[in-house]
Amino acid sequence: MQGYIKTGNSQPAWLFPFVVIIVLILSVLPLARLAMVGMTAFADGGVMTVLSEASLWSATYYTVITAILGTVISLVLGCLFAFLLTLTDIRAKGPLGFFFVLPMMIPPQVTALAWVQMSGPSSPLLKALHIAPPLGSPQPLYSVGGIALLYGVQHAPLVHLALRAGLMTLPRDGVEAARLSGASSLRVFRDIILPLSLPGIIAGAAISFVSCTGNFGIPAILGIPASIFTLPTLIFTKFSAFTSRTFGDVAVLSAIIAVISVVGLMIQDRALRGRDYRVIGLSGASAAFELGAWRLVFTSLVWAILFFMLAAPFFALVAGALVPAYGVPLTFKTMSLHAFEEILFRQAVTRSAFINSLSLASATALCLLVVTVLAAYTLTRRKDAASRIISSLIEIPYSLPGIVMAVCFILVFAAPIPILHVSLYGTIWIILIAYFSSFFAVSLKPVVSAFHQLDPALEEAARLSGAGFFRRLADIIVPLIAPAAGASVILVFLIACNELTISALLWSAGTQTLGVAIYNLDDSGSSDLASALSVLVVLMVVVLMLLLELLAKRLPKGVIPWRG
């Protein structure tokens with residue numbers, strides 16, 4: 001049949017080259033540009049100048065130490081919730097899982113702002129409760145420990161999700177055999193569950209470490225006031241004081257972040273070596289432990305943790321939004337909705353941020369959906385090495401810290417585009433293209449899952465009846481993958497709408513996003529406005545997650561991250 005790869009193949013001949021070109025533009029070009037600038041800096045001797053700066057080694061130390069401590073905290077919290085929610089008969093597993101994953105969906109700068117409002121001598125909430133530390137006491141979160149603590153809170157859901165996936169496949173037979181042999185629950189956990197869980201724990205630790213390394217929102221709000229700079233915040237400050245050396249310097253700093261992330265993943269590979277456990281037999285549900293009298297204790301413990309992770313910071317954020325200034329105690333006399341009125345109806349900056357974030361998130365989610373449907377179609381139909389390479393190239397930008405990808409796109413679009421002589425730097429389009437690159441993998445995963453569940457016979461029958469590619473796409477494929485496509489749109493919208501790290505470097509006057517607006521308002525001392533805007537962002541996140549919950553029953557397993 002003319003126009004197809006070969007007779008009998010349902011793929012149009014243009015489809016795979018089209019996907020390859022998209023991946024070259026979104027993944028290969030920016031990374032290659034970063035590598036070129038780094039090599040140029042090396043050839044000019046600029047690398048040695050950067051490496052000789054004390055600020056570089058100080059930032060590298062703080063990046064590594066906060067990432068390690070944050071990973072340890074996320075491991076403790078993530079493992080506790082994964083074991084309890086997957087293997088025990090604790091009640092309300094659904095709501096517990098939903099609330100525990102929520103911090104991962106909330107922008108990190110909002111998390112940091114909420115915890116600052118919750119602690120310290122100027123906390124409006126603590127003052128209202130008359131338990132605030134005396135004036136003059138230091139803010140405990142402006143420290144290495146404070147940054148690490150919030151890294152742990154923000155990334156514990158990643159450990160939970162990685163470990164939970166492995167726990168869902170634990171061997172039912174092995175656990176029952178051990179119990180019939182008289183082994184106690186503690187012995188079963190120590191000798192069977194824990195060894196088989198190690199791959200999931202190690203994978204969760206690696207993901208958490210890489211995420212901590214590239215985090216910008218938390219160290220920007222907690223670290224900069226205490227002169228604690230991590231590599232992402234050092235890159236931000238170098239862009240703020242732009243010089244002729246800036247591009248070379250940030251290319252080297254970005255390369256160091258990428259190296260730290262790769263080292264973390266290499267350690268994970270080494271730790272996983274020889275731990276490829278293949279589970280034989282039935283798996284899952286009956287591996288649960290009965291907590292008995294301990295159920296009340298563990299139930300109280302996990303709800304108490306969620307209270308301090310979520311509820312208390314959110315109440316503090318609301319309190320901070322209701323008072324006229326940070327440090328004013330919340331009373332009926334000081335309480336007002338002035339900050340909400342200001343950001344919704346008077347402040348042009350916040351209205352512009354809402355429009356920009358919603359527009360960027362919508363455009364990213366919808367445009368990527370068109371590309372990912374075509375990409376998922378060709379990648380699931382082809383089983384060759386080329387399709388595996390393309391799949392890996394799509395994953396790379398999402399696995400790299402956002403600050404590195406932002407630097408890549410600045411380097412690509414710093415000069416006008418050749419031939420067209422159009423400059424994208426300083427416009428909203430550069431943010432949109434960077435979002436396309438960073439969230440391509442997020443958009444692709446649910447759609448690929450749906451394609452794997454499709455029976456190719458349906459499409460094949462339509463093709464033999466003479467239906468063209470776009471007709472089959474419109475009448476057969478799209479209706480069948482519609483729920484997964486909807487989930488893909490909501491997930492990308494959710495992540496893109498709250499993004500800060502990429503837009504922090506790429507925004508300019510008139511193109512600020514919600515994440516940038518919150519950071520700038522807090523940085524300029526308008527903590528009440530920053531808190532009010534953060535409250536609205538958190539509510540928006542919760543509504544979108546509830547929408548995904550409503551879609552859950554019609555989606556392939558694994559599409560919604562917090563559901564088993």
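Sequence order sets the numbering: in each chain, residues are counted from 1 along the sequence as written. Thresholds applied to this predicted model are a pLDDT of at least 70 for local features of residues and 80 or more for the giving and counting of side-chain atom pairs; totals over whole chains, interfaces and linings are not thresholded and use all residues. Hydrogens and water molecules were not included; the side-chain quantities draw on all heavy atoms of the structure.

**Q** How would you explain the overall build of the chain if you had to name every residue and give the values?
**A** For the chain, the helix and strand inventory stands at 23 helices and 0 strands. Our radius of gyration is a C-alpha quantity, and the globule rule it is checked against amounts to 2.2 Å times the number of residues to the power 0.38. Computed over its C-alpha atoms, the radius of gyration of the chain comes to 25 Å, within 12% of the 24 Å expected for a compact globule of 564 residues. Along the first, second and third principal axes, the C-alpha atoms of the chain reach 80 × 75 × 50 Å. For every residue, the accessible area (1.4 Å probe, protein chains only) is compared with the maximum for its type, and the residue is labelled buried under 20%, exposed over 50%, or partly exposed between those bounds. Looking at the chain as a whole, 52% of its 564 residues qualify as buried. Any two residues whose heavy atoms approach within 4.5 Å are treated as being in contact. Taking all contacts inside the chain whose residues are at least 6 apart in sequence as the whole, residues at least 24 apart take part in 80%. Charge counting treats Lys and Arg as positive and Asp and Glu as negative, with His and both chain ends excluded. Here the site of a charge means atom NZ of a Lys, CZ of an Arg, CG of an Asp or CD of a Glu. For the chain, the separation between the mean place of its 32 positive charges and that of its 23 negative charges on side chains is 5 Å. A run of H or I in DSSP becomes a helix once it reaches four residues, and a run of E becomes a strand once it reaches two; helices and strands are each numbered from the N terminus.

**Q** I'd like a rundown of unusual backbone geometry, residues and numbers included.
**A** As a rule of thumb, non-glycine residues mostly have phi less than zero, and peptide bonds are mostly trans rather than cis. A positive phi angle, close to 55°, is found at Ala 92, a residue other than glycine. With respect to the helices, strands and loops of the structure, Ala 92 is situated in the loop between helix H3 (54-87) and helix H4 (93-105). In this structure, Ser 227 is a non-glycine residue whose phi angle is positive, near 55°. Structurally, the position occupied by Ser 227 is in the loop between helix H10 (217-222) and helix H11 (231-240).

**Q** Quick one: what's the story with the nonpolar core, residue by residue and with numbers?
**A** By size, the foremost hydrophobic cluster in this structure holds 161 residues, and its most contacted members are Leu 222, Ile 235, Phe 440, Phe 451 and Leu 505. For this core, the leading source of residues is helix H18 (residues 428-452), giving 16 residues. Beyond its immediate chain neighbours, meaning those up to four positions away, Leu 222 contacts Ala 112, Val 116, Leu 141, Tyr 142, Ser 143, Gly 146, Ile 147 and Leu 150. We define a nonpolar core as any set of buried Ala, Val, Leu, Ile, Met, Phe, Trp, Tyr and Cys residues linked to one another through side-chain atoms lying within 4.5 Å. Among the nonpolar cores identified, the runner-up in size contains 15 residues, and Leu 87, Leu 170, Val 188 and Ile 192 belong to it.

**Q** Could you give an account of the pattern of salt bridges, with specific residues and numbers?
**A** Any Lys or Arg side-chain nitrogen located within 4 Å of an Asp or Glu carboxyl oxygen qualifies as a salt bridge. Summed over all chains, the structure comprises 12 salt bridges. Asp 191 is paired through a salt bridge with Arg 190; the nearest N and O atoms lie 3.1 Å apart. For Arg 382, the salt bridge identified is with Asp 384, shortest N-O distance 2.6 Å. Sharing partners across several salt bridges, the network here consists of Glu 53, Lys 238 and Asp 249.

**Q** Please give an account of the packing of helix H1 (residues 15-43) against H18 that cites residues and values.
**A** Helix packing for two helices is described by the angle between their axes and how far apart those axes are. Running from N to C, H1 and H18 point in directions that differ by 105°, and their axes come no closer than 9 Å. One way to sum up the angle between H1 and H18 is to call them roughly perpendicular. Residues Ile 22, Val 23 and Leu 26 of H1 form the contact with H18, whose participating residues are Ile 433, Phe 436, Ser 437 and Phe 440. Ten residue types, Ala, Val, Leu, Ile, Met, Phe, Trp, Tyr, Cys and Pro, are classed as nonpolar, four, Asp, Glu, Lys and Arg, as charged, and the remainder, Gly among them, as polar. Residues of the contact of H1 with H18, tallied by class, amount to 6 nonpolar, 1 polar and no charged. Only the stretch in contact is used when fitting a helix axis, every axis being a line fitted to C-alpha atoms; angles between N-to-C directions are given from 0 to 180 degrees. If an angle is under 35 degrees, it is roughly parallel; if it is over 145, roughly antiparallel; if it lies from 65 to 115, roughly perpendicular; otherwise it is oblique.

**Q** Pulling in residues and values, what's your account of H18?
**A** Helix span, as expected, comes to 1.5 Å for every residue beyond the first. Across its 25 residues, H18 extends 36 Å between first and last C-alpha, which sits within 8% of the 36 Å expected from 1.5 Å per residue. Note on bend: the value at a residue is the angle between axes fitted to the seven residues ending there and to the seven starting there. Of all the bends in H18, the greatest, near 50°, is centred on Phe 439. Taken across its 25 residues, H18 has 20 buried, putting it largely inside the fold.

**Q** Any details on the packing of aromatic side chains? Residues and values, ideally.
**A** Any two rings among Phe, Tyr and Trp, with Trp reduced to its six-membered ring, count as a pair given centres within 6.5 Å; such a pair is stacked if its planes are under 30 degrees apart, edge-to-face if over 60, and tilted if neither. Per the stated rule, a full pass over the model turns up 18 aromatic pairs. Between Tyr 377 and Phe 451 the ring centres are 6.0 Å apart and the planes differ by 80°, which places this aromatic pair in the edge-to-face class. Here Tyr 377, found in helix H15 (residues 348-381), pairs with Phe 451, found in helix H18; they are 74 residues apart in sequence, far enough to count as distant. Taken as a pair, Tyr 377 and Phe 451 share a single burial class, namely buried. Consider the rings of Tyr 377 and Phe 469, whose centres lie 5.2 Å apart with planes at 70°: the pair is edge-to-face. One end of the pair, Tyr 377, is in helix H15; the other, Phe 469, is in helix H20 (residues 469-497), and 92 residues separate them in sequence. Just as Tyr 377 is buried, Phe 469 falls in that class too. Pairwise contacts between aromatic rings join Trp 14, Phe 18, Tyr 377, Phe 451, Phe 469 and Phe 470 into one cluster. Over the ring of Tyr 377 we find Arg 381, and its NZ or CZ is 4.7 Å from the ring centre. Ring-over charges, as used throughout, are those where CZ of Arg or NZ of Lys falls within 6 Å of the ring centre and within 35 degrees of the ring normal. Over the face of the ring belonging to Phe 16 we find Arg 382, whose NZ or CZ atom lies 3.8 Å from the ring centre.

**Q** Give me the lowdown on the packing of H3 against helix H7 (residues 144-167), citing residues and values where you can.
**A** Contact pair H3 / H7: the axes reach a minimum separation of 5 Å and the direction vectors enclose 40°. In terms of orientation, H3 and H7 fall into the oblique class. Read as a crossing pair, H3 and H7 show a hand that is right-handed. When grouped by side-chain class, the residues that make up the contact of H3 with H7 number 22 nonpolar, 8 polar and 1 charged. Crossings are classed by handedness, with left-handed meaning an anticlockwise turn of the near helix from the far one by less than a right angle and right-handed meaning a clockwise turn.

**Q** Can you tell me about the environment of Ser 211, naming the residues and giving the values?
**A** Structurally, Ser 211 can be placed in helix H9 (residues 185-214). For the pair Ser 211 and Phe 451, spaced 240 residues apart in sequence, the C-alpha to C-alpha distance is 29 Å. Setting aside residues no more than four positions away along its own chain, Ser 211 makes contact with His 155 and Leu 158.

**Q** I'd like a rundown of the side chain of Thr 364, residues and numbers included.
**A** Mapping Thr 364 onto the fold places it in helix H15. Discounting residues that sit within four places of it in the chain, Thr 364 has contacts with Leu 432, Tyr 435, Phe 436, Phe 439 and Val 492.

**Q** Account for the state of the cysteines, naming residues and giving values.
**A** Where two cysteines share a covalent bond between their sulfur atoms, that bond is called a disulfide. For the purposes of this analysis, a disulfide is any pair of cysteine sulfur atoms at a distance within 2.5 Å. Within the structure shown, the criterion is met by 0 disulfides. Between Cys 497, a free cysteine, and Cys 367, which holds the nearest cysteine sulfur, the sulfur-to-sulfur gap is 15 Å.

**Q** Any details on the environment of Phe 189? Residues and values, ideally.
**A** Structurally, Phe 189 is set in helix H9. Of the residues examined, Phe 189 reaches a relative accessible area of 26% and is grouped as partly exposed. For the pair Phe 189 and Leu 87, spaced 102 residues apart in the sequence, the C-alpha separation amounts to 10.0 Å. Excluding residues within four positions of it along the chain, Phe 189 makes contact with Phe 83, Leu 194, Pro 195 and Phe 289.

**Q** Any details on the confidence of the model for the chain? Residues and values, ideally.
**A** On a range of 0 to 100, pLDDT expresses the predictor's confidence in each residue. Looking at the chain, the pLDDT average stands at 83 and 93% of residues meet or exceed 70. Across the chain, H3 holds the top mean pLDDT of 92, while helix H2 (residues 46-51) sits lowest at 75.

**Q** Tell me about the environment of Arg 33, and please be specific about residues and values.
**A** Counting through the fold element by element, Arg 33 comes out in helix H1. A sequence separation of 375 residues divides Arg 33 from Cys 408, and the C-alpha atoms of the two residues are 6.6 Å apart. Not counting residues up to four positions away in its chain, the partners in contact with Arg 33 are Leu 411 and Val 412. Looking at Arg 33, its side chain comes within polar contact range of the main-chain oxygen of Leu 411, at 3.2 Å. Nitrogen and oxygen atoms within 3.5 Å of one another constitute a polar contact, given that in protein one can donate a hydrogen and the other can accept it, and given that sequence-neighbouring residues count only through two side-chain atoms.

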